[in-house]
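# Examination of the molecular architecture
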Amino acid sequence: MAVFNIQTREIECKIVFYGPGRGGKTTNLEYIHKTFRKNITGDLVSIDTQGDRTLFFDFLPIGLGKIKGCDVKVQLFTVPGQPQYASTRKLVLKGADGIVFVADSLKVQRKNNVLSLQDLHDNLKDYGRNIFKVPLVLQYNKRDLIKEGFPVLEIDTLEKDMNKQLKVPSFPASAIKGDGVGQSLKKCLELTLQHLQKELNWAG
Amino acid sequence: MDLKEKIYSINKEASLYYSQGMYEEALGKYRTLLKIISSYKGIKNKEDIETKIREKIGNINQKLDYYDSEGVFANVSDDKKEIIKKLFTDIKDDPEYKKFEEALTLAKFGQFSDSIREMTPFLKNEDLKNDAARNIVKCYEAMGEVEKIIPIINKWADKKIFSKKEAGQLIASSNAAALIEPDDLPESDNMEEQKETESFSPEIMEIDSVGIRLTGNGVQSEPVELDVSFQTGNHLSLIISSKEKRIIDNLDVGVKLSDMCFYSPIAVFKSTGIVLSKHQISSGPKKGDWCLDIEIKNPS
C-alpha cells in the first residue's frame, strides 16, 4: 500500500509484475534496470532463483523524481509464477498499488495465462480488492518469437482470453529486446498515480 | 510439410522451450520427436539421433526431479533474509514489536529455522510469548518436525515459561496432539492444576466428534469422522445418516473399535470403543437415520 509522507512530500508506491511462470516478468525488471539507469535508486535484487526460476521475488526500487511537487518513489516487484509458489505470490502481491500482468504469447502458455489471471483475481479478492478497480495493464510478451516462426497466439486471441471483461490498456512486448516494456510500466504508473491521487490527494 | 521440415520444426520448438525453462513443454516436444523418428525407417544416423534425444529427455527429467525435490521454499542467504524482513514487515515504530514481526515475516517466507531462532527470545515477553510459542510450533509443523513439538513445549513448562495447563493447551492445539501419549502431558505442579490435567481423560472430557476406522472383509478402510450428538461420561451417542449404509452395516452391537480418535476442543485422543446399542430413529426430523451408542475404553 502506498505511503504518503505529507511533511517530506514523498510518496512511495508498489507495482507488481504478475503472470504465469517463465513468462518474462524478471526479464522486464532486468530490462528496466539496464535501461532506465537514471531512475534506478538501488540494485535489482532477486530472492531467490532456482536455476532460472524466481522462487521468491525480484525487487527493484526506482525514483520518478518530482511530480506535482512530490518526490515519487516506486518499488517494483515480480512474483514467482509457478503454481506451487502460491503463498509467496500472494504475500508479494499484498499492498500492490498497480499491476503489470505479463502474459506469455506462446501458444503452449495459453491456459497458464488464463489460470494466472484467475489467480490474480482470487488473490486480490482475498485482500478485499476488486480486479476491475485496481490499476492494471496487460503485457503480451514474447512477440519477437513470431518472426522466428514459433507458434504464437494472435493479439486478438490474447485480448479475447484476457481482456474481454477487464478492458484495460494492453501492450505487445518483447521484454528480452525491450519492446513494450517502458510503455507497459509507464501506463501502469500513470494509472497508479491517478488512482492514488483520488485516494490520497497527494498532488494537492 | 515433409518429414525433414517436421523434425526440424519440432526440434526447434523443443529447444526454445528448454532454453526458456519450460521443461514440461520441452519434454513433450522431445517425446513427440522421438516417436516420429522411431516410427520411420531409412533415416540417416537414426540411432545416433534417437540417443541424443533420449539424453535430452533424461536431462530434462533430472531437472524436473530436482525442482520437485527442492520443495516450495529454499533457504536464502543472510543478507537476503534482511531484505525480506525490511520489505515485508509493516511495523516500523516499536523496535521490540518490529523484531517480533520480522521473525513472523521470515516464517511466512519459509525461513522456519531462522524464524524459530529469532522468535525464541519473545518467550520471555509476557505480552508476546503466546504468539511466539504458537509461531514456533507452526514452524516445526511446516518443517515436518511435529515430533519435536511436545518435548519443546514440555521444556518451556519446566522452565516456567508456561504453566502446565498452558503447555497442555499448546500441545492440544498443535498437530502434535495426534501423537499424545499419557506420559507426554506435563505433570501438574499443584493440586488445582492436577485436577485440570486429570480432565485430559476422555471419560469426562467433552468430545465433539470421533474418527472410526471401519473394517470390512478383514480390510481396514480410511477413517470416517462422525459428530457426537450426546455425551454422558464415556458414553457417546452418534447420529448416522441413513445414506451411510456402509458405516451402519459395519457397526453392529458388540463390535469392538480398536482404532478410534476422539476430538475435543482441546485435545485429540486415540482410544478404543465398543458399540453398545444401535437403533433406527422412528420419528422426528432424523427419522430413518441411525443412533449409535458407543462406550469409550481407556486411552491407549
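In the block above lies the structure referred to throughout.
So, here is what we can say about the structure in this document. These numbers were taken from a predicted model, which means no experiment stands behind them. Every chain is numbered on its own, with residues counted from 1 as its sequence reads. In the order they appear in the text, chains get letters beginning with A and ligands get numbers beginning with 1. Reporting of local features is limited, given that this is a predicted model, to residues whose pLDDT is at least 70; pairs of side-chain atoms are given and counted only at 80 or more, and all residues count toward the totals for whole chains, interfaces and linings. Only hydrogens and water are removed before side-chain values are computed, so all heavy atoms of the structure are retained for them.

## Re the packing of aromatic side chains
Heads up, the condition is: Put simply, two rings from Phe, Tyr or Trp (the six-membered ring, in Trp's case) pair if the centres are within 6.5 Å, and we call them stacked under 30 degrees between planes, edge-to-face over 60, tilted for the rest. For the purposes of this entry, the term helix denotes a DSSP run of H or I that reaches at least four residues, the term strand denotes a run of E that reaches at least two, and both are numbered from the N terminus. Residue burial is assigned from relative accessible area. The probe radius is 1.4 Å, only protein chains are included, and a residue is buried under 20% of its type maximum, exposed over 50%, and partly exposed in between. The criterion for a charge sitting over a ring is simple: Lys NZ or Arg CZ within 6 Å of the ring centre, and within 35 degrees of the ring normal.
The full count for this structure, using the stated rule, is 14 aromatic pairs over all chains. Aromatic pair Phe-88 of chain B and Phe-109 of chain B: ring centres 4.8 Å apart, planes at 50 degrees, arrangement tilted. With a gap of 21 residues between them, Phe-88 of chain B in helix H4 (residues 78-88) and Phe-109 of chain B in the loop between helix H5 (95-108) and helix H6 (112-119) connect regions that are remote in the sequence. Each of the two residues, Phe-88 of chain B as well as Phe-109 of chain B, counts as buried. The ring centre of Tyr-127 of chain A lies 5.8 Å from the NZ or CZ of Lys-90 of chain A, which sits over that ring. A cation over a ring is seen here: Lys-278 of chain B above Trp-290 of chain B, with NZ or CZ 5.3 Å from the ring centre.

## Quick notes on the nonpolar core
So the rule is basically this: Definition used in this section: a nonpolar core is a set of buried Ala, Val, Leu, Ile, Met, Phe, Trp, Tyr and Cys residues joined via side-chain atoms within 4.5 Å. A contact between two residues is defined here by any heavy atoms of the two lying within 4.5 Å.
Residues Phe-57, Ile-99, Phe-101 and Leu-120 of chain A are the most contacted members of the largest nonpolar core, which totals 37 residues. In terms of residues, this core owes the most to one element, strand S4 (residues 53-67) of chain A, which gives four residues. Those residues within four positions of Phe-101 of chain A in sequence are excluded, and the remaining contacts are Tyr-18, Gly-19, Pro-20, Asn-113, Ser-116, Leu-117, Leu-120, Leu-136, Val-137, Leu-138, Gln-139 and Met-162 of chain A. Counting residues in each nonpolar core, the second largest holds 28 residues, with Phe-100, Met-119, Leu-128 and Ile-152 of chain B among its members.

## Some points on the pattern of salt bridges
All names here are of chain B. Test applied: Salt bridge, as used here: a side-chain nitrogen of Lys or Arg that lies within 4 Å of a carboxyl oxygen of Asp or Glu.
Taken as a whole, this structure holds 18 salt bridges over all chains when the rule is applied. A salt bridge links Lys-29 to Glu-13, with the shortest nitrogen-to-oxygen separation between them at 3.5 Å. Here Lys-29, found in helix H2 (residues 23-39), pairs with Glu-13, found in helix H1 (residues 3-19); they are 16 residues apart in sequence, far enough to count as distant. Exposure remark for Lys-29: the relative accessible area of 24% places this residue in the partly exposed category. Notably, a salt bridge pairs Arg-117 with Asp-114, separated by 2.7 Å at the nearest N-O pair. A residue pair is termed a helical-turn pair when its members lie 3 or 4 positions apart in one helix, as Arg-117 and Asp-114 do in helix H6 at three residues. On the accessibility criterion, Asp-114 (9% relative accessible area) is buried.

## With respect to the packing of helix H3 (residues 110-126) of chain A against helix H4 (residues 155-163) of chain A
Residue and element names in this part refer to chain A. In plain terms, the rule: Structural elements are reduced to axes, namely lines fitted to C-alpha atoms, with helices fitted over the stretch in contact, and the angle between N-to-C directions of any two is expressed from 0 to 180 degrees. Working rule for angles: under 35 degrees goes down as roughly parallel, over 145 as roughly antiparallel, 65 to 115 as roughly perpendicular, anything else as oblique. With the far helix as reference, a near helix turned anticlockwise by less than a right angle produces a left-handed crossing, and one turned clockwise produces a right-handed crossing. Three classes are used, and their members are as follows: Ala, Val, Leu, Ile, Met, Phe, Trp, Tyr, Cys and Pro are nonpolar, Asp, Glu, Lys and Arg are charged, and the others, Gly among them, are polar.
Between H3 and H4, the least distance of the axes is 10 Å, while the angle of their chain directions is 30 degrees. As judged from the angle between their axes, H3 and H4 are roughly parallel. Here H3 runs over H4; the crossing is right-handed. Of the residues in H4, those touching H3 at Arg-110, Asn-113, Val-114 and Leu-117 are Thr-157, Leu-158, Asp-161 and Met-162. Classifying every residue of the contact of H3 with H4 by side-chain character gives four nonpolar, two polar and two charged.

## Focus on helix H1 (residues 25-35) of chain A
Buried within H1 of chain A we find Lys-25, Thr-26, Asn-28, Leu-29, Tyr-31, Ile-32 and His-33 of chain A. Tucked into the core, H1 of chain A has its buried residues touching strand S2 (10-18), S4, strand S5 (70-78), strand S6 (98-104), strand S7 (136-141) and helix H5 (181-200) of chain A.

## Remarks on unusual backbone geometry
The backbone of Lys-68 of chain A shows a phi angle near 50 degrees, a positive value even though the residue is not glycine. Classification of Lys-68 of chain A by relative accessible area gives exposed; the value is 63%.

## Focus on H5 of chain B
All names here are of chain B. Rules: Working rule for helices: expected span equals 1.5 Å times residues minus one. Polar contacts, as used here, are pairs of N or O atoms within 3.5 Å; protein pairs need one atom able to donate a hydrogen and one able to accept it. Residues neighboring in sequence count only if both atoms are side-chain atoms.
The end-to-end C-alpha separation of H5 is 20 Å, in line with the 20 Å expected for 14 residues at 1.5 Å each. Every buried residue belonging to H5 is among Phe-100, Glu-101, Glu-102, Ala-103, Thr-105, Leu-106 and Ala-107, and all of these are buried. With a side-chain oxygen lying 3.0 Å from the backbone nitrogen of Glu-96, the N-terminal cap of H5 falls on Asp-94.

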